[in-house]
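Here is how the chains run, residue by residue.
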Amino acid sequence: MTTRLMLISPAMNPALREARFPHTGEPAATAAGPGAGAGGEPVTGAGGETMTPPGGDALDALGLRQAEAVREHFPATATAYVSPSPRCRRTAEALGLDARSLPALAPCAMGRWQGRTLDEVAAAEPAALASWLSDPASAPHSGESLLELLARTAHWLDTLGDGAPADGGAGGNGTGGNGTAGGGTAGGRLIAVVEPDIVRACAVHALGAPPAAFWRIDVRPLTATELSGRAGRWNLLSGRPLHSTAP
């Protein structure tokens, strides 16, 4: 049976605006200490770890208004999932989605680069950044390589609809779903509010493109990328805006 998946990118926030790598693996006990930004709520990373990101990873007032302004009537039977990041979870709430957070949809773990801007990393570690951008197996930040991100995302995508939990855990209910982490039902409609790098990774896998294509895909805030098909054969409809004008 055909699976129809809508991937929605989060609304704009300070980290996206500044091209800052998301916080993905800082233990909550450390992040909650002195110096941690206000507004960060505990989230679960790709490896199951708990962390509390700074407030810059959450939506700001503008991003929240934009998300609330484009709230759509999504199919009542759709199963909803969300990346375990504050900006994605808040975007899902603003869109009226009762979405289940999945560690499998966490952004790429950026190790010691998390929370830093691309320009800051380029100035401090130019050789390491060049290696990361040119070699998909490279992880100079001691986090997750591009190949590992692509493999994680491909596994999640290809197990949608088979009834097998993609995160290895028991299910809780998303909107209209039966709660399995792999996508819930054999086929059907799914909605996932996910980090931009997850959208890009899904597009690379769906098209059977080489890893280098990941860097050639731009994902704008509050846009929908739609996939239809099943494991091994996906069709891609990219970049439908959820809004026509910004407030």
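Quantities reported herein were computed from a predicted structural model and do not represent experimental measurements.

Asks: I'd love a proper account of the confidence of the model for the chain, names of residues and values included.
Replies: Residues with a pLDDT of 70 or more make up 73% of the chain, whose mean pLDDT is 77. Per-element averaging of pLDDT across the chain places helix 2 (residues 28-31) at the bottom with 29 and helix 6 (residues 126-134) at the top with 96. This stretch, residues 25-55, has a pLDDT under 50; its non-local contacts, to residues over four places away or in other chains, come to 60 contacts. With pLDDT under 50 throughout, residues 168-186 is counted as low confidence; its partners more than four residues away or in other chains account for 52 contacts.

Asks: So, the nonpolar core: which residues are in play, and what are the values?
Replies: Membership of the largest hydrophobic core comes to 33 residues, with the highest contact counts inside it found for L5, L7 and W156. A total of 6 residues in this core trace back to one element, the largest contributor, which is helix 8 (residues 196-207). If you look at the next biggest cluster of nonpolar residues, it comprises 19 residues, including A78, A94, V193 and L242.

Asks: Summarise the sheet that holds strand 5 (residues 100-101); cite the residues concerned and give the values.
Replies: Paired through their backbone hydrogen bonds, the strands of a sheet run either parallel or antiparallel. One open sheet accounts for 6 strands, arranged 5-4-6-1-7-8; its pairing is mixed. Edge positions in the open sheet fall to strand 5 and strand 8 (233-241), since each of these has one partner strand only. Pairing geometry for strand 1 (residues 3-8) and strand 6 (residues 188-193), over 6 bridges, is parallel. In the sheet register, M6 faces strand 6, and the bridge partner there is I191. Against the sheet, helix 7 (residues 146-158) engages strand 1, strand 6, strand 7 (223-230) and strand 8, with an angle of about 140° to strand 1.

Asks: Describe the pattern of salt bridges, and please don't skip the residues or the numbers.
Replies: Note on pairing: side chains with opposite charge can pair once their charged atoms come close. Tallying each qualifying case throughout the model produces 7 salt bridges. A salt bridge links E18 to R20; its shortest N-O distance comes to 2.9 Å. Here E18 falls in the partly exposed class, since its relative accessible area comes to 39%. A salt bridge links R116 to E125; the nearest nitrogen and oxygen atoms lie 3.3 Å apart. On the basis of relative accessible area, E125 is assigned to the buried category, the value being 16%. Here the residues in one salt-bridge network are E18, R20 and E120, joined through shared partners.

Asks: Report on the packing of helix 7 against helix 8, specifying residues and quantitative values.
Replies: The N-to-C vectors of helix 7 and helix 8 enclose an angle of 70°; their axes lie 9 Å apart at closest approach. In this view, helix 7 runs roughly perpendicular relative to helix 8, as classed from their interaxial angle. Packed against helix 7, whose contacting residues are L149, L150, R152, T153, A154, W156, L157 and D158, the element helix 8 presents D197, I198, A201, C202, V204 and H205 at the interface. Taken together, the residues of the contact of helix 7 with helix 8 sort by class into 9 nonpolar, 2 polar and 3 charged.

Asks: Give a description of the environment of L150 that names residues and reports values.
Replies: If you trace the backbone, L150 turns up in helix 7. For the pair formed by L150 and I198, sequence separation is 48 residues and the distance between their alpha carbons is 8.4 Å. Excluding its chain neighbours within four sequence positions, the residues that come into contact with L150 are A201, V204, P211 and F214.

The rules behind the values
- Residues numbered from 1 in each chain as written.
- Predicted model: local features only at pLDDT ≥ 70, side-chain atom pairs only at ≥ 80, totals over all residues.
- Heavy atoms only, no water.
- pLDDT = per-residue confidence, 0-100.
- Helix = DSSP H or I, 4+ residues; strand = E, 2+ residues; numbered from the N terminus.
- Contact = heavy atoms within 4.5 Å.
- Core = buried A, V, L, I, M, F, W, Y, C linked by side-chain atoms within 4.5 Å.
- Buried < 20%, exposed > 50% of the residue type's maximum accessible area, 1.4 Å probe, protein only.
- Pairing = 2+ DSSP bridges.
- Axes fitted to C-alpha atoms, helices over the stretch in contact; angles between N-to-C directions.
- Salt bridge = Lys/Arg side-chain N within 4 Å of Asp/Glu carboxyl O.
- Parallel < 35°, antiparallel > 145°, perpendicular 65-115°, else oblique.
- Nonpolar A, V, L, I, M, F, W, Y, C, P; charged D, E, K, R; others polar.

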